[in-house]
Amino acid sequence: MIFLDYYKKIYNNQHVDGFRLQVIYHIGMLILLASILVPPFREWLGFGWWFVLWVFIVQRICGHYSTLFYHRMLAHNHFTVVPWFERLVVLLSPFALQGYPAGYVVVHLMHHKYADQEGDPHPPVSATRQRWVNLVFPFLHDSKELELKLILKFMRRPAQKFITKFYWHMVAAIAVALCVINYKLLFIWIAGTQLGIFMGYILNTYGHNPPQSKLFFWKHYRGEKETAHKAVNLPGWSLQGRGENWHYIHHTYPQRWNFHPDAPAGKLDQNAWIIDKLVNLGIAKVDTPW
Ligand SMILES: [Zn+2]
Ligand SMILES: [Zn+2]
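Here the structure is a predicted model, which is why all the values come from computation and not from measurement. (Residues numbered from 1 in each chain as written. Chains lettered and ligands numbered in written order. Predicted model: local features only at pLDDT ≥ 70, side-chain atom pairs only at ≥ 80, totals over all residues.)

A. Structural view of the overall build of the protein chain. Along the backbone of the protein chain there are 13 helices and two strands. On C-alpha atoms alone, the protein chain measures out to a radius of gyration of 19 Å, which is about the 19 Å that the 2.2 N^0.38 rule sets for 290 residues. Counting only C-alpha atoms, the protein chain reaches 55 × 45 × 40 Å along its principal axes. Within the protein chain, the fraction of its 290 residues that count as buried is 36%. When contacts within the protein chain are restricted to residue pairs at least 6 apart in sequence, long-range pairs at least 24 apart make up 65% of them. (Helix = DSSP H or I, 4+ residues; strand = E, 2+ residues; numbered from the N terminus. Rg over C-alpha atoms; globule rule 2.2 N^0.38 Å. Buried ≥ 20, exposed ≤ 12 C-beta atoms within 10 Å, placed from the backbone. Contact = placed C-beta atoms within 7 Å.)

Here it is, written out as structure tokens:
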């Protein structure tokens, strides 16, 4: 069973929290699929379009939360926020159920450091990996050693040590609380948050072109072509991508907080629009023009 082999691999080679997140991810995907495709489950759940709608809404919120705060704020320091706001953002992370920030940050910084070479934790294609592995096993990472030195400074940020230690306690408490209020909320929570991870990994997976890729028509879409890495922009993904779909721009200019290709002309991508609003509210600060 190829599926079980992958489970064994992730259990043996990866960080224990990666394994936990992987199991939760599959539970979320199964709930979502079963709520649409399996009539007895659907009836037991009292399926209606409200369920799908809420899953979609939770997915949107989680996608914005992780791309804006985990990616642009915590991993890349594209903007800074006042300390109380950062503490609040970090302490809310168990609600988004995307893993604690330190895990995301170390994996993502390794992705930038080794993009398109050996050492990338989630290459779209490698000797042992096909694109579907990225989507079905997003927490199965190619590199076995996490370079923890990349997050030494990061761990000194507000609430990071606390959340890394107590993340799973808080997740368990939220799960129990949702069950007590209404078990349907638990299903919406797990399916919605995990659909958010799926969407993120579509970006990761198709945001890079392996050497033998047939997807050449996407190559460096609306970006300059003369660099070593193989990141691409994803046309048509602007709504789901929250601006992160300008993946090539982001890899080429990793210090930019605004990934819009026309940023110098004042255009904002979706997440940059939110950053701009946070700046206007006096909550956030950016040090570069774009
Ligand atoms: Zn990045
Ligand atoms: Zn990338």
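Alright, that's what it looks like, and here's the rest.
B. Broad picture of the packing of helix α2 (residues 16-37) against helix α10 (residues 183-206). One way to put it is that α2 packs onto α10 with a least axis distance of 8 Å and a crossing angle of 110 degrees. Here α2 lies roughly perpendicular to α10, going by the angle between them. Across the interface between the two elements, Ile 24, Tyr 25, Ile 27, Gly 28, Met 29, Ile 31 and Leu 32 from α2 touch Phe 187, Ile 190, Ala 191, Thr 193, Gln 194, Leu 195, Ile 197 and Phe 198 from α10. The residue inventory of the contact of α2 with α10, partitioned by class, reads 12 nonpolar, three polar and no charged. (Axes fitted to C-alpha atoms, helices over the stretch in contact; angles between N-to-C directions. Parallel < 35°, antiparallel > 145°, perpendicular 65-115°, else oblique. Nonpolar A, V, L, I, M, F, W, Y, C, P; charged D, E, K, R; others polar.)

C. Expanded view of α2. With 22 residues, α2 extends 31 Å between its outermost C-alpha atoms, agreeing within 8% with the 32 Å of an ideal straight helix rising 1.5 Å per residue. Looking at α2, one finds that the buried residues are Gly 18, Leu 21, Gln 22, Ile 24, Tyr 25, Gly 28, Ile 31 and Leu 32. Contact partners of the buried residues in α2: α1 (2-13), α4 (49-75) and α10. (Expected span 1.5 Å × (residues − 1).)

D. Highlighting unusual backbone geometry. Of note in the backbone geometry, Leu 97 takes a positive phi value of approximately 50 degrees without being a glycine. On the neighbour-count criterion, Leu 97 (23 C-beta atoms within 10 Å) is buried. A positive phi angle, near 55 degrees, is found at Arg 242, a position not held by glycine. Residue placement: Arg 242 occurs in the loop between α11 (238-241) and α12 (247-252). The buried category is assigned to Arg 242, around which 26 C-beta atoms lie within 10 Å.

E. Quick look at the environment of Phe 95. Following the sequence through the fold, Phe 95 ends up in helix α6 (residues 93-96). Spatially, the C-alpha atom of Phe 95 lies 8.5 Å from that of Thr 193, the residues being 98 residues apart in sequence.

F. Region of the structure containing the packing of helix α9 (residues 160-181) against α10. With their axes 5 Å apart at the nearest point, α9 and α10 run at an angle of 135 degrees to one another. Classed by the angle they form, the pair α9 and α10 counts as oblique. Between α9 and α10, the residues in contact are Ala 175, Leu 178, Cys 179 and Ile 181 and Tyr 183, Leu 185, Leu 186 and Trp 189, respectively. Looking at the contact of α9 with α10 residue by residue, the class counts come to eight nonpolar, no polar and no charged.

G. Representation of α4. Here α4 is 27 residues long and its end C-alpha atoms lie 36 Å apart, about the 39 Å a rise of 1.5 Å per residue gives. Phi turns positive, to about 55 degrees, at Asn 77, one or two residues after α4.

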